[in-house]
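# What the coordinates show
Single-letter residue listing:
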Amino acid sequence: MSLSAALWLAGCSKPEPAAEPVRSVKVLTVSPSALGSVYEYSGEVKARVDSRLGFRVAGKIIRRQAELGQRVKVGQVLAQLDPQDYQLGADAARAQVASAQTNRDLAAADYRRYKELFDKNFIGGSELQRRETTLKSAQASLEQAQAQLASQGNQIAYTSLVADVAGVVTAIEAEPGQVVQAGSPVVRIAQDGPRDVVFAVPEDKVAGVKVGANVVVKVWSENRQIEGQVREVAASADPVTRTYSVKVALPSQGAPALGATVNVLPQGLARAEVAVIKLPTSALRQEGRKSAVWLLDPSSMTVRLQPVEIATADGNEAVIAGGLKPGDQVVVAGVHVLSPGQKVSLYQPKKAVAGAAMSESPTAPTAAAADAPPAAAAVAGSGK
């Protein structure tokens, strides 16, 4: 009876808790490193002169020859208006010229007749002067009609939108069938010639960007750099973004394609390198609203939490403003599975097994052959 009771008590007793595993961790010894801040902005390559071309007269567009992205030459027709009304106006002006010319001829003949009478002393000077005034009035009316005819002829020519510069069509702002007013943009052309990089800087950085300052332009699509100079800084901020537009002049040779995306590094905004403490972001642990890291105690091989202050980020690393000092050992991997006071060991990379290297030898048996029965191994070794 006593033996069975002892066995029953032994079966009901709680097993001892398993010992907490010793986890392997990677550590990093804190040491100051250089940090130099360089501001980088995204920009776009644009033509220095971007013209918006429109008709000089109003009317209905009946044809558009220009297409988006098309390269045009000087004198090339881009679009046309309906010229019928202007042709009627020219016909009316032509008729006015004919009428004024007839009146002038009659006034000239009348003046010559009265001049002959005046020479023979048949009329007085006042009568001749009246005929001369009539002739001058008729001549002025003729010149006015001729000027109106020339103006109507120009308006007919203005119904054809002709490119006065060479470049690339970057925008189409009107289509056939649309009635446009004089001066309304129809086609936008980026003129051939110098290219600029246009980017925006915030209010607190615009003071560091000066006209004539050097700028490094990184061409994203071509993986190369170009040296440029600041050509223009906007005098006022954009009312929506509150940023200032900056234009950088590019060299004429080797300029990127129109509309290319580039990264701009103004040299005037670069700061000198300073010594700071940087940690990989994998070492950080969030404790409420604060950040912390695990510090390793080499004497006891345990870890403890250490709150830290983060100043900024530098790529994939965090710049630590406080909480650490040079020489501290910080856990940089496996921070989410640790607990205060936990025993840890330093991670050791696995070494290659000698047997694995031998298995690569042509004369060594394969893993399948090693695990196979003797008969199967013999068949594998015979090559049958």
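Residues numbered from 1 in each chain as written. Predicted model: local features only at pLDDT ≥ 70, side-chain atom pairs only at ≥ 80, totals over all residues. Heavy atoms only, no water.

Where an unreviewed UniProt entry is consulted, the protein chain appears under the name Efflux RND transporter periplasmic adaptor subunit, with the organism given as Curvibacter microcysteis. Listed in UniProt under the heading Sequence similarities (unreviewed entry), the comment for the protein chain reads: "Belongs to the membrane fusion protein (MFP) (TC 8.A.1) family." Recorded under Subcellular location (unreviewed entry), the UniProt text for the protein chain is reproduced unchanged: "Cell envelope". (UniProt positions renumbered as here; feature names shortened; annotations may be inferred.)

### Description of the overall build of the protein chain
Tallying secondary structure elements over the protein chain gives 6 helices and 23 strands in all. In the protein chain, buried positions account for 29% of the 384 residues. Looking at the protein chain alone, contacts between residues at least 24 apart form 73% of all its contacts between residues at least 6 apart. For the protein chain, the accessible surface area stands at approximately 24100 Å², while carbon and sulfur atoms represent 54% of it. (Helix = DSSP H or I, 4+ residues; strand = E, 2+ residues; numbered from the N terminus. Buried < 20%, exposed > 50% of the residue type's maximum accessible area, 1.4 Å probe, protein only. Contact = heavy atoms within 4.5 Å. Areas by Shrake-Rupley, 256 points an atom, 1.4 Å probe, with all protein chains shown as cover.)

### A short note on the sheet that holds strand 15 (residues 243-249)
The strand order 3-12-15-14-13-16 describes a closed barrel built from 6 strands, whose pairing is antiparallel. The average angle at which neighbouring strand axes cross in this sheet is 45°, direction not considered. Where strand 13 (residues 214-219) meets strand 14 (residues 224-233), 6 bridges bridge the pair, whose relative direction is antiparallel. Looking at strand 14, one finds that Val216 is bridged to Glu227. (Pairing = 2+ DSSP bridges. Axes fitted to C-alpha atoms, helices over the stretch in contact; angles between N-to-C directions.)

### Brief notes about unusual backbone geometry
Positive phi, close to 55°, is recorded for Asn223, a residue that is not glycine. Looking at where Asn223 falls in the secondary structure, it is placed in the loop between strand 13 and strand 14. Since its relative accessible area comes to 74%, Asn223 is described here as exposed. The phi dihedral of Arg242 falls on the positive side, at around 60°, and the residue is not glycine. Structurally, Arg242 is set in the loop between strand 14 and strand 15.

### Comments concerning the environment of Ala182
In this structure, Ala182 sits in the loop between strand 10 (179-180) and strand 11 (185-191). Spatially, the C-alpha atoms of Ala182 and Tyr158 are 10.0 Å apart, while their sequence positions differ by 24 residues. Look past the residues within four positions of Ala182 in its chain and what remains in contact with it is Phe55, Arg56, Val57 and Ala58.

### Focus: the pairing of strand 7 (residues 77-81)
Where strand 5 (residues 59-64) meets strand 7, 3 bridges bridge the pair, whose relative direction is antiparallel. Of the residues in strand 7, the one forming a bridge with Ile61 is Leu81. Pairing analysis gives 3 bridges linking strand 7 to strand 8 (residues 160-162), with the strands arranged antiparallel. Bridge pairing links Gln80 to Ser160 in strand 8.

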